[in-house]
Structures are given as structure tokens and as C-alpha cells.
Amino acid sequence: MINKRILKSSIARHLKTQRLWLFVICCFITNITVAQNTPVTVSTTTARRGTFVSTKDYTGHLHPNAEVNIFANVSGKIVSLDAKVGQSVVKGDVLAQSDPKEATLAVIRAESALSSAQSQLTTTEASAQARVESQLANAQETLMAAQAKLVETKSLAEMRIRNQLTQAETTYQSAIASIERSKINAQQSLERAKTELDKNQLDYERTKALHEKQHVSDSNLEAAERSFKVSQTRYQEAVVTAEQFQDGMTHPSVEKAKAELAVAQKIVESRGWEREIASAESDVNQAQANLTTAQKLVEAKSWEREIEIAKAAVRQATEQLKLAQEQLNDATIKSPIDGVIATQHLSIGDYAQLISSSIAKPVFTVVAVDTLKAEWNMPVGDVARMNNGDLVLISTNSGIRNIVGTVTFISPTVRDNTVLVHATVPNLKNSLKPGTAVTVSIKTGERKNVQLLPLRSVLNIQNGSGTIFVVEGNVARAKQVNVGGVYGGEIEVTSQLVRGTQVIVDNQHRLQDGTSVSIAKD
């Protein structure tokens, strides 16, 4: 009796739980249905028609139209500065003063060089004549040596050349004999390789037949096959070697010996010793000519010319001293152009060196900034439509927009498939700074009566098409449209839309084809 009451109670609780879950599910389904039937609030627009100039942008930088590094006129420490960064200067303004110590040392060095040149002049005047006369004695000794060599050549040259012919004949015969021995050895090797090949082929064929009858193992067959293939390779190598010694084949060693023999024979036939004798006679003639020259130098008193050269060196050293003295008086550093001090490289106490030094640093950099120069690179294909005098628009990231520049330079050379282009840019009120990154916009075309929508209204843009949602009645409808170029925040739609079509521009992520919508009121 107790068990029946417990069972009835359990069944009642189970039914109650099922009714509760059924109620929850019904509420959830009801909420979904209500949510689906609630219109999505959207904003809409209509396509507009417009005319757009198409441009192409390039990245470049601004540079001064003129930039001059100003170096010290004389080496030394900077002792005073008469200008500062940002100061406007005109040509000839004093910018700094350098210590004249280096210029003073330059004067001392110039004086030393002059003293050395004067000393060299004294030495030349004293010894030049003795040296020229010594050259005459050396020329006489050289002539005597050349004459002795000529006598020796006439006595021994023919014998030596004929001995060279005999040696070449012996070498040639030896080369022929060596090739004959090699030919016999190659033929014997070929015969042995053929015998070995025939034997291993028979062994392989016999082993293969026994293997097919399962009288021998796989390893025996493989061993016989390897031996057969090895003997094939050796036979082929022996054939190649033997073919090198076929009748009519030439061999480098024989040809070399034959060529050397032919050369030796031609030397003998042409009486080559006569050329050696002629060469020795030529040396005698050259020595005689040198002796004649030395004699003429003595006769002409050529040392007087050397003395004149030494005097010219003295004159040059005198001019260098004069220049050094002028530099000593030129310790003032001046601006060579009108402009603005852009950079101060050295301070008071820093050591300034002449521009000719490999480690020299300028004192100041002065830039002309009334007009700047924009520089950028364009692909070769784009530069074809550019000409000097064309106008471009220059903009900076800082908000300065559409300054008109004039193209002044198009490089005649191509580097990395691009061409360097310059344009002058007016710098009104010095609002632009050299070094600024700029965007250069160049007109590429003009299109009129273009149908445009906000870029954000077109979804899933790919391969020239995209999706828009339009309002038809009170529901959203998805439409595929063809699209073209993007102009700022707008995109060209090449598919024709019915005039007045309401295109949805927001909340598209909540829409599907057929979703109820309501248009937001402004």
C-alpha cells in the first residue's frame, strides 16, 4: 500500500516537471517569433550622380631647393659663432670665426717646402753635371757588354737550335711508341672484359633458369645479376678505351710532340739562329743609340735643364707660401647664399677642418626655403604621361592640402623600374619644412555622370560586384550590383538603379533578404 502511494507521488512530480519545461519552451519560441517580427531600424540614401577627377597618389619628400654645407676656410677651433639655427641670412653674412692656428702651421709648412726646394736647387746646380757624365760612362759599359753577347750568339746559337730539333724528334718518337703500347694494352683489356662478360652472362642466364625452377635462392640470382651488370660496365669502359686508339684517332701527347717537332723544324728551316743574332745586333744598336744620347746630353749640357726645373719648383713653393699666407688672413666663415640656418654642426671649441679632409664636418648648413623641391619615384609606365611644366597637388600628413607644384625634372634614367621626378613647391609663410613626407596627387582622368553610393552601403565587394540592401515596402531586399572605382568614401555602382531607390547604409549585419525594416527619421 505504501509503495503505491510513493509511485503515485513520483508520477505526479514527473508530470509537473514536464509541464514546467513545456511552458519555458513555449515562452522561448514566443520571444523568438516576436523578435523576428520586430522591424530593424535602418538609415537609407539614394544614389547620386557626380563628376570625378581620377588621380593617382605617390609618396615623396620635400627637400630644400638649395642646401649648402658651409665649411671653415682654415683648419682650427671655432672661436666665435655669429649665427644660430633658424636665423635668416643673406649672402656674405659672417657666420663664425675659426682659430687661425692651422693656417699659421700651413704657412710654416709652405716656408719649409720653399726652403727644401731652394736646397734642391743648390744640390742640382752642384751635382747634375757629374750625374750626366756618369750616365755616359754607364752607356759605354752597356755597349761593350752587348757587343760581347753578339759574338757569343754568333758562335753558339745555331748549335743550340739544332740540338733542340734533335730533342723534339726523340720526344715525338717516344710519344708514338707510348701510344702503341697503350693501344695494345687497351685491346687486351677489351678481350679480357669480353671473356668475363660472356662468362657472367652465361652464369646469369643459367642461374635465372634454375631460379625459375626454384632450385636456387633469390640471393644467388641477385649475385649473378650484379656480376653480369658489373662485367657489362667494365666491357663498355674497355670498348670506350679501345676506341680511343682506333686508326685515324689523334692523341694529345703525340699531337703536342708533333707540334713541338714542327716548330723546331721550322726554326731550323728558317735559320732561327739568325733571328737571335739579329736580336743581339739590335741590342748592340740600342746600346749604341743610348751611348749617343748620353754623349749628346753631355754635349748639350742637359744639367742646365735640370737646374731650370729646380728653379721652377722654387717658384711653385713661393706661390704655395703666398696662398698659405692668404688663408691665414681668411679665418672668417661667411654664408655663400641667401637662406635660413638649418643645422649647426659645430660649436665654439670644436675643431673645424677644410673640406678637402676626409673627416671634415661643416660648421653650418644653410638652406634656401622660399621654394622647396618635392621628390618622388614613379613607375616607368606612369611617367610616360608626365611632362615638365605639368601641375601636381602636394599634401602633407599635418593637414596642409593641395598645394600646387610644377614638375621641373624627370630623370632620363630608370632605376628599379622607377623614374625620379622633381617638382618645385612654393613655401608661403614657410609653412612647409624640408624632410616632410608628402603625398603627390597626379590627375589621370575625368569621369562625368557617375552613379555613386556610400562605400559602407555595399557589402562583400569582390571581383567587381557587391551586395546592397534596398527597402521595398517594409522589408529589406538583397541585390547584387556591379561596382567600379572608389572615390574617397563613395563607390561607383555601374548597375543601373531605379531612381529614388532607398539603399540601406547601416545595420546590414542584422538583415537578411525579407527582414522587416523601418526607416529612421532624421
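Conventions adopted
Residues numbered from 1 in each chain as written. Predicted model: local features only at pLDDT ≥ 70, side-chain atom pairs only at ≥ 80, totals over all residues. Heavy atoms only, no water. Helix = DSSP H or I, 4+ residues; strand = E, 2+ residues; numbered from the N terminus. Polar contact = N/O pair within 3.5 Å; in protein donor to acceptor, adjacent residues only side chain to side chain. Contact = heavy atoms within 4.5 Å. Phe/Tyr/Trp six-rings, centres within 6.5 Å; stacked < 30°, edge-to-face > 60°. Buried < 20%, exposed > 50% of the residue type's maximum accessible area, 1.4 Å probe, protein only. Core = buried A, V, L, I, M, F, W, Y, C linked by side-chain atoms within 4.5 Å. Pairing = 2+ DSSP bridges.

**Student:** Would you explain the side chain of Gln-451 in this entry?
**Tutor:** Take Gln-451: it is sitting in strand E14 (residues 437-454). Only 2.8 Å separates the side chain of Gln-451 from the backbone oxygen of Val-493, close enough to count as a polar contact. Side-chain polar atoms of Gln-451 contact the backbone oxygen of Ser-495, separated by 2.7 Å. Discounting chain neighbours no more than four positions away, the residues touching Gln-451 are Ala-47, Arg-48, Arg-49, Ile-491, Glu-492, Val-493, Ser-495, Gln-496 and Leu-497.

**Student:** What's the story with the packing of aromatic side chains in this structure? I'm lost.
**Tutor:** Aromatic ring pairs are reported here in terms of the distance separating the ring centres and the angle at which the planes meet. Under the definition given, this model contains one aromatic pair. Note on Tyr-204 and Phe-228: the rings are 5.5 Å apart at their centroids and 10° apart in plane angle, and the pair reads as stacked. Here Tyr-204, found in helix H2 (residues 101-212), pairs with Phe-228, found in helix H3 (residues 218-243); they are 24 residues apart in sequence, far enough to count as distant. Tyr-204 gets classed as buried once you look at its relative accessible area, which sits at 16%. Judged by its relative accessible area of 12%, Phe-228 falls in the buried class.

**Student:** Just to check I follow, could you spell out the nonpolar core for this structure?
**Tutor:** Nonpolar side chains in soluble globular proteins tend to be buried together. In terms of nonpolar packing, the biggest core is built from 23 residues, with Trp-376, Met-378, Val-392, Ile-394 and Ile-442 touching the most fellow members. Those elements that provide at least two residues to this core are strand E3 (48-70), strand E10 (364-379), strand E11 (391-396), strand E12 (403-410), strand E13 (418-426) and E14. With six residues, the single largest contributor to this core is E10. Residues contacting Ile-394, with those up to four places away along its chain left out, are Ala-374, Ile-400, Arg-401, Asn-402, Ile-403, Gly-405, Val-425, Val-438, Thr-439 and Val-440. Core analysis: the second largest hydrophobic core is formed by 15 residues, Ala-72, Ala-83, Ala-96 and Val-366 among them.

**Student:** For this particular structure, what's the right way to read unusual backbone geometry?
**Tutor:** Leaving glycine aside, a negative phi is the common case for residues, and trans is the common case for peptide bonds. Backbone geometry places Asn-402, a non-glycine residue, at a positive phi of 55°. You will see that Asn-463, though not glycine, has its phi angle at about 55°, which is positive. Secondary-structure assignment places Asn-463 in the loop between strand E15 (459-462) and strand E16 (465-472). For Asn-463, a relative accessible area of 76% gives the class exposed.

**Student:** Where do I start with the sheet that holds strand E4 (residues 76-81) in this structure?
**Tutor:** Sheet strands line up and pair through hydrogen bonds in the backbone, either parallel or antiparallel. An order of E7-E6-E4-E9 is seen for the four strands of this open sheet, with the pairing classed as antiparallel. Looking at strand neighbours, the two that pair on one side only are strand E7 (332-334) and strand E9 (351-352), the edges of this open sheet.

**Student:** Can you walk me through the environment of Leu-136 in this structure?
**Tutor:** On the secondary structure map, Leu-136 appears in helix H2. Separated by 158 residues in the primary sequence, Leu-136 and Ala-294 place their C-alpha atoms 4.9 Å from one another. Residues contacting Leu-136, with those up to four places away along its chain left out, are Leu-291, Ala-294, Gln-295 and Val-298.

**Student:** Got a minute to help me understand the pairing of strand E6 (residues 94-98) in this structure?
**Tutor:** Residues in a regular strand point their side chains to alternate faces of the sheet. Bridge analysis of E4 against E6 gives three bridges, and the strand direction is antiparallel. Paired with Ile-78 across the two strands is Ser-98, which belongs to E6. Looking at chain direction, E6 and E7 are connected through three bridges and run antiparallel. Note on E7: the bridge partner recorded for Ala-96 is Ile-333.

**Student:** Mind showing me how you'd approach the pairing of E11 here?
**Tutor:** Bridge analysis of E11 against E12 gives four bridges, and the strand direction is antiparallel. The residue bridging Ile-394 from the neighbouring strand is Ile-403, located in E12. Connecting E11 to the antiparallel partner E12 that follows it, the hairpin turn spans six residues, and Gly-399 within it adopts a positive phi of roughly 110°.

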